[in-house]
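Next come the chains, spelled out residue by residue.
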Amino acid sequence: MRLNCGFHPPYSMLFYRMQRLQSLDILKLFAMFLVIWGHCVQFLLTSHYLDEPAYIYIYAFHMPLFFIISGLFVHHHAGEQSYGAHLSSCARDYGYRLLVRARQLLLPCLAWGLLMSVGNLIQPLLNGTHVDKSLLSTLYTNFWFLKSLFVCFALWYISITLLRVRWLALLVSFVVSQFITVWEVQWSYPAFAIGVLLSPYLLSIRRYRRPIALTSFIIGGILLLGWNASYFRIPSVYSWSALDSSALIMSIAMRFYRFFIGATLSLGFIALFLNIDSLDAKRSTLDSQHPALDSQHSVLNTLSSLGQLTLGIYIIHTMFIIARERLCPTLFCCDSLNPWLFNTTVAPLAAAMLLLVSVGITRLIMLAPHLSFFFLGTPWQKLQSASAGR
C-alpha cells in the first residue's frame, strides 16, 4: 500500500528507528578535512588551484559526499517517535523542517556576514586597503555551501509536498535544480537527490557494504582516469542555446559524467566507513574490559563527536581563510615548495592543524549559548536548557 509522501514500508520505517550512525559522523569529519585540504591548496599558492592535482581529485567527490550524506538524513528528525507521526501532516511538517534548516544554515550566514561587514569597515584602519563590498554583497557571497544546502532542502521539501510521489518529486526537482546556478546548486542538488534516493535502503547498504565499497572504488578509479580541470568549466544550461548539436551533446555528457563520478566515489566512502559501526557492534559482543577494545572505542567516540561539529568547523576555517586573504595574503605562502610535496604533505598537515584549531574555537563558542544560537545555529531549546542550568 502506498503511503503519503511517496514512501514505502518496510525500509523507511526501519530507517526511522535507526540510532545515529557513528560511522557517518566520522565520515563527515573526514570530508571536512578534505574540504580544508582543498582550501589550503587553493589559498596557500599563487598558482591557479585547477593546476594542482590534489585540488582536482579532492573536488571530484568531496562536495557530492557532503550533500549525499545530507540527503540520506533529509527525513530523519531526532524528536520523531514513529513513522506514522511523520506522515500525519506532510506539508506542515516540511514547513517546520524548513524553518529549522533556516535557523541551522542561514542564521549563521547572517550573523557572520554582519561581523564580516564590520570587518570591511575597519580594514582600511588595519592595513590601508579598502574592501569594496556592500552588506548585501557580503551576505550573498559568504558561506556558499550553507546556502546551497538550504536550497537543496527547500527544493526537496517543496517538491515532495506538492507532488507527493517520491520518484516524481526527485525527477522534477532535479530538472529544476539544473536551472539554479547560484551557490553551485546545479551540482550540489543532484548529489543531495541521490542521498534522498538511497535513504530508504541504507540498511541494505550497511549489509552489503564491502562489495558496494569495492565495486564503487573500482568504477570510480576507472572514471578518474579521464578526470581533469575541464569538468570544472562545464557550460550552464542557459548557454545551451548557443551550442551546436555536437557541443551540446558533449556538454550534457560531461555534466552527467561529473554527477556519476561524484556519486560513485561518495557511495564507496559511505560503504567503507559503515564498517566502523560493525567494529563497534563486534566490540559489544566481546569483553568490554579489554584495554585495546576500550581504547579503540574511545577513539571512535572522539572522532564521532568531532564529526558533529562540521558546521562550526566549516565556518571557522573559512573565517581564517578570509582574514588571511584580506589582512596578509602572503602569510604562509608556499610557492617555494616542491608542488608534489606541498600537495601531498604540507597541505594536509596544514589542513589538520586548521581543523583542530577550528574545533577548539567552535567548542569555545558553544560554551556561550546565545553566541552558539546565532553563530552556529544551535537549537533554541538547548540555549534555554543551558540558561536554566545556570
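Given the structure is predicted, the values throughout are model-derived calculations rather than measurements. Position numbers for residues start from 1 in each chain and track the written sequence from start to end. The predicted origin of the model limits local features to residues at a pLDDT of at least 70 and limits the giving and counting of side-chain atom pairs to 80 or more, whereas totals for whole chains, interfaces and linings rest on all residues. Note that the side-chain values use all heavy atoms of the structure and ignore hydrogens as well as water.

### Describing the overall build of the protein chain
- Under the DSSP-based scheme used, a helix requires at least four consecutive residues in state H or I and a strand at least two consecutive residues in state E, with every element numbered from the N terminus. On a plain count of helices and strands, the protein chain comes out with 19 helices and zero strands.
- Every one of the 390 residues in the protein chain was classed for burial, and the buried ones make up 47%.
- Nonlocal contacts in the protein chain, meaning residues at least 24 apart in sequence, comprise 77% of its contacts between residues at least 6 apart.
- Total accessible area computed for the protein chain in this model is approximately 19500 Å², and 69% of it derives from carbon and sulfur atoms. Burial classes follow relative accessibility: with a 1.4 Å probe on protein chains only, a residue under 20% of its type's maximum area counts as buried, one over 50% as exposed, and anything between as partly exposed. Pairs of residues are marked as contacts when any of their non-hydrogen atoms sit within 4.5 Å. Per-residue accessibility takes into account occlusion by the displayed protein chains alone, with areas from the Shrake-Rupley method and a 1.4 Å probe.

### Regarding unusual backbone geometry
- Positive phi, normally seen in glycine, also occurs at Phe143, with a value near 55 degrees.
- With respect to the helices, strands and loops of the structure, Phe143 is situated in the loop between α7 (135-141) and α8 (144-163).
- Phi is positive for Phe332, close to 60 degrees, though the residue is something other than glycine.
- By the secondary structure assignment, Phe332 is in the loop between α16 (310-327) and α17 (339-366).
- Classification of Phe332 as exposed rests on a relative accessible area of 58%.

### Considering the side chain of Glu52
- Considering the arrangement of structural elements, one finds Glu52 in the loop between α2 (22-43) and α3 (53-58).
- It is Arg233 that comes nearest to the buried, bridge-free Glu52 among opposite-charge side chains, at 12 Å.
- Polar contact criterion, stated in full: a pair of N or O atoms within 3.5 Å, where within protein one must be able to donate a hydrogen and the other to accept it, and residues adjacent in sequence count only if both atoms are side-chain atoms. At a separation of 2.9 Å, a polar atom in the side chain of Glu52 contacts the side chain of Ser47.
- Leaving out residues up to four positions away in the same chain, Glu52 has contacts with Val41, Leu45, Ser47 and Asn343. Residues counted as positive are Lys and Arg, residues counted as negative are Asp and Glu, and His and the chain ends are not counted. What counts as a salt bridge is simple: a side-chain nitrogen of Lys or Arg found within 4 Å of a carboxyl oxygen of Asp or Glu.

### Some words on the environment of Ile194
- Within the secondary structure, Ile194 sits in helix α10 (residues 185-198).
- Each C-alpha atom of the pair Ile194 and Ile69 lies 9.3 Å from the other, and the pair is 125 residues apart in sequence.
- With sequence-adjacent residues up to four places away left out, Ile194 is seen in contact with Ile68 and Ala263.

### Considering the side chain of Asn343
- With respect to the secondary-structure elements, Asn343 resides in helix α17.
- Accessibility expressed as a relative area gives 2% for Asn343, which makes it buried.
- Of note is the side chain of Asn343, whose polar atom sits 3.4 Å from the backbone nitrogen of Ala54.

### Brief notes about the layout of surface pockets
- Here the second largest pocket is characterised by a volume of approximately 1100 Å³.
- Elements with a minimum of two residues in the lining of the second largest pocket: α2, α4 (62-72), α8, α10, α13 (245-273) and α16.
- Top contributing element to the lining of the second largest pocket by residue count: α16, with seven residues.
- Three categories are distinguished: nonpolar for Ala, Val, Leu, Ile, Met, Phe, Trp, Tyr, Cys and Pro, charged for Asp, Glu, Lys and Arg, and polar for the others, with Gly belonging to the last. Along the lines of polarity and charge, the residues of the lining of the second largest pocket split into 28 nonpolar, nine polar and six charged. Put simply, the grid is 1 Å and covers the protein atoms alone, a cavity is a trapped set of points that fit a 1.4 Å probe, a pocket is an open set with protein on both sides within 12 Å along at least five of seven lines, and lining residues have an atom within 4 Å of a point. Grid points are joined across faces, edges and corners, and a volume is the space filled by probe spheres set on the points.

### Examining the pattern of salt bridges
- What the rule picks out here adds up to two salt bridges.
- A salt bridge links Lys28 to Asp25, with the nearest nitrogen and oxygen atoms 3.9 Å apart. Note that Lys28 and Asp25 are positioned in helix α2 at a spacing of three residues, about one turn of the helix. The same class applies to Lys28 as to Asp25, namely buried.

### With respect to the environment of Ile58
- The topology assignment puts Ile58 in helix α3.
- Spatially, the C-alpha atoms of Ile58 and Leu34 are 6.7 Å apart, while their sequence positions differ by 24 residues.
- Residues in contact with Ile58, not counting those within four places in the same chain, are Leu34, Trp37 and Gly38.

### Thoughts on the nonpolar core
- Phe143, Leu146, Trp156 and Phe192 are the most contacted members of the largest nonpolar core, which totals 96 residues.
- Top element by residues in this core is α2. It accounts for 12 residues.
- Among all residues touching Phe192, those that are not within four sequence positions of it are Phe67, Ile68, Ser70, Gly71, Val74, Leu149, Cys152, Phe153 and Trp156. Nonpolar core, defined: a set of buried Ala, Val, Leu, Ile, Met, Phe, Trp, Tyr and Cys residues in which side-chain atoms within 4.5 Å join the residues together.

### Some words on the confidence of the model for the protein chain
- Averaged over all residues, the pLDDT of the protein chain is 81; the fraction at 70 or higher stands at 79%.
- Per-element confidence in the protein chain ranges from a low mean pLDDT of 38 for helix α5 (residues 83-87) to a high of 94 for helix α12 (residues 209-224).
- One confidence number per residue, pLDDT, is output by the predictor and ranges from 0 to 100. Here residues 1-18 scores under 50 on pLDDT; set against residues more than four positions off or in separate chains, the count is 46 contacts.
- Across residues 77-89, where pLDDT falls below 50, the model places 20 contacts with residues more than four positions away in sequence or in other chains.

### A word on the packing of helix α9 (residues 166-177) against α10
- Two elements in contact, α9 and α10, have axes whose closest approach is 9 Å; the angle formed by their N-to-C orientations is 170 degrees. In terms of their interaxial angle, α9 and α10 are classed as roughly antiparallel. Across the interface between the two elements, Arg166, Leu170, Ser173, Phe174 and Ser177 of α9 pack against Val185, Gln186, Tyr189, Pro190, Ala193, Val196, Leu197 and Leu198 of α10.
- Classifying every residue of the contact of α9 with α10 gives nine nonpolar, three polar and one charged. A fitted line through C-alpha atoms represents every axis, and for helices the fit uses only the stretch in contact; the resulting angles, taken between N-to-C directions, go from 0 to 180 degrees. Working rule for angles: under 35 degrees goes down as roughly parallel, over 145 as roughly antiparallel, 65 to 115 as roughly perpendicular, anything else as oblique.

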